[in-house]
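# Examining the three-dimensional arrangement
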Amino acid sequence: MACEVSLQSLLATLIAISVANNGNGSAQVAGRCIAYVRPATRIPSALLHLVPMPAWEQRKLGELFDYEQPQPYIVRGTEYDDSFPTPVLTAGQSFVLGYTNEKQGIKMASPEHPVIIFDDFTTSSHFVDFPFKVKSSAIKLLTLRDKNEDIHFAYQVLQNIAYTPVSHERHWISKFATFATLMPECKSEMQAIGHFMSNLDGLITLHQRKRLWFAK
């Protein structure tokens, strides 16, 4: 059943985020917390009159995501050059390790068919919407099981998992796929929030780049 998602609903969500974080209204906190403060049990009662809140349901990450092993996309050589066309990625902090001219085994991600790369050991992840190869076999390539759902929202959910690895093991199958989280039952609500947060993350990135440029 279709449901209408209003601007007031999104604004109420962001106000709730601010309240839930003791007045911390930064955009980055909003982006990372939105999947967890949205349910009515976490929203201050004073906000509930603003707009009716569609139902949310509990789902496991393994029900949300399909995963693919990285072996077909692992780079063979390490003689990188910035003039080469294909980035070699890691799910860690560095993200882009370099660029390769290898022609085979490229994961053809795109804005229409994005992928989330997940580090099986550190549990860090990145959203990727361009063709790439990977360096490590300790990566899972995640896509949505239901293509009608919103991968931007799903990525925010994944980023929001409060888990710190304490052992050197592969975490997707043993841990993360079993974690349960709250998701909108209404796909249009999921898409609206996902689109909103994708735009917000883009603005954060642009602002950070401007700060780095002015700092030079």
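Residues numbered from 1 in each chain as written. Predicted model: local features only at pLDDT ≥ 70, side-chain atom pairs only at ≥ 80, totals over all residues. Heavy atoms only, no water.

As named in an unreviewed UniProt entry, the protein chain is Truncated type I restriction system specificity protein, taken from Bifidobacterium longum.

## Here's the deal with the sheet that holds strand β3 (residues 86-89)
Each strand in a sheet pairs with its neighbour through backbone hydrogen bonds, running either in the same direction (parallel) or in the opposite one (antiparallel). Formally: Strands pair, by our definition, only if DSSP identifies at least two bridges between them. We count a stretch as a helix when DSSP gives it H or I for four or more residues in a row; a strand needs E for two or more, and each element gets its number in order from the N terminus.
Reading across the sheet, the 3 strands line up as β4-β3-β7 and stay open at both edges, with mixed pairing between neighbours. Either end of the sheet is taken by a strand with one partner, and the two such strands are β4 (96-100) and β7 (133-134). Across 4 bridges, β3 lies against β4 in antiparallel orientation. Along β4, the bridge assignment pairs Pro87 with Tyr99.

## Quick notes on the pattern of salt bridges
Between side chains of opposite charge, pairing is possible as soon as their charged atoms come close. Stated precisely, the cut-off is as follows: Take a side-chain nitrogen of Lys or Arg and a carboxyl oxygen of Asp or Glu: if they are within 4 Å of each other, that pair is a salt bridge. With a 1.4 Å probe rolled over the protein chains alone, any residue whose accessible area is under 20% of its type maximum counts as buried; one over 50% counts as exposed, and the rest are partly exposed.
In the structure shown here, the tally under the stated rule is 7 salt bridges. As a salt-bridge pair, Asp120 and Lys140 come within 2.5 Å of each other at their nearest N and O atoms. Remark: Lys140 occurs in strand β8 (residues 139-144) and Asp120 occurs in the loop between β5 (115-119) and β6 (125-128); sequence separation between them is 20 residues. Residue classification places Asp120 among the buried positions, given a relative accessible area of 1%. Overall, Lys140 belongs to the buried group, its relative accessible area being 3%. Residues joined in a network through salt bridges with shared partners are Asp120, Lys140 and Arg170.

## A short note on the confidence of the model for the protein chain
The cut-off we apply is this: One number per residue, pLDDT, summarises how confident the predictor is, and it ranges from 0 to 100. Contact between two residues is taken to exist if any of their heavy atoms lie within 4.5 Å; hydrogens are not considered.
When the pLDDT values of the protein chain are averaged, the result is 77; 67% of them are 70 or greater. Looking at the elements of the protein chain, mean pLDDT is at its lowest for helix α2 (residues 27-37), recorded as 42, and at its highest for β7, recorded as 98. A low-confidence stretch, residues 17-52 stays under pLDDT 50, and its non-local contacts, those more than four residues away or across chains, total 65 contacts.

## Thoughts on the layout of surface pockets
Worth spelling out the cut-off: Whether a set of points on the 1 Å grid over the protein atoms alone is a cavity depends on a 1.4 Å probe fitting there but being unable to get out, while an open set qualifies as a pocket with protein on both sides within 12 Å along at least five of seven lines; lining residues are those with an atom within 4 Å of a point. Grid points are joined across faces, edges and corners, and a volume is the space filled by probe spheres set on the points.
Computed from the structure, the second largest pocket encloses a volume of approximately 240 Å³. As for the second largest pocket, its lining consists of Pro111, Glu112, His113, Pro114, Thr143, Leu144, Lys147, Glu149, Asp150, Ile151 and His152. Sorting the residues of the lining of the second largest pocket by element identifies β8 and α4 (151-159) as the ones contributing at least two each.

## Considering the pairing of β5
Counting buried positions along β5 gives 5 out of 5 residues, so the element sits mostly inside the fold. Judged by which residues are buried, β5 turns out to be covered on both faces: Val115, Ile117 and Asp119 on one side and Ile116 and Phe118 on the other are all buried. Note that β5 and β6 share 4 bridges and pair antiparallel. Paired with Ile117 across the strands is His126, a residue of β6. Connecting the antiparallel pair β5 and β6 is a turn made up of 5 residues, with Thr123 showing a positive phi of about 70°.

## Quick notes on α4
α4 sits mainly inside the fold: 7 of its 9 residues count as buried. Buried within α4 we find Ile151, Phe153, Ala154, Tyr155, Gln156, Val157 and Leu158.

## As for the sheet that holds β6
Worth spelling out the cut-off: Axis lines are fitted through C-alpha atoms, for helices just across the contact stretch, and the angle between N-to-C directions can take any value from 0 to 180 degrees.
Strand order in the open sheet formed by 4 strands is β2-β8-β5-β6, and the pairing between neighbours is antiparallel. Looking at strand neighbours, the two that pair on one side only are β2 (65-68) and β6, the edges of this open sheet. Pairwise comparison of adjacent strand axes, ignoring direction, gives a mean angle of 30° for this sheet. Pairing between β2 and β8: 4 bridges, direction antiparallel. Bridging from a neighbouring strand, Phe65 pairs with Leu144 of β8.

## Quick word on unusual backbone geometry
At Phe95, a residue that is not glycine, the phi angle is positive and equals roughly 70°. Secondary-structure assignment places Phe95 in the loop between β3 and β4.

## Section: the nonpolar core
Where we set the bar: Residues belong to one nonpolar core when they are buried, are Ala, Val, Leu, Ile, Met, Phe, Trp, Tyr or Cys, and are joined through side-chain atoms within 4.5 Å.
In terms of nonpolar packing, the biggest core is built from 22 residues, with Leu61, Phe65, Leu158 and Trp172 touching the most fellow members. Listing elements by their share of this core, those giving two or more residues are α3 (61-64), β5, β8, α4 and α6 (187-215). Among the elements that take part in this core, α4 stands out by supplying 6 residues, more than any other. With residues up to four places along the chain from it excluded, the contact list for Leu158 reads Leu61, Ile116, Phe118, Ser125, Leu142, Trp172 and Phe176. The next biggest cluster of nonpolar side chains, apart from the first, holds 12 residues, and it includes Leu89, Phe95, Ala109 and Leu141.

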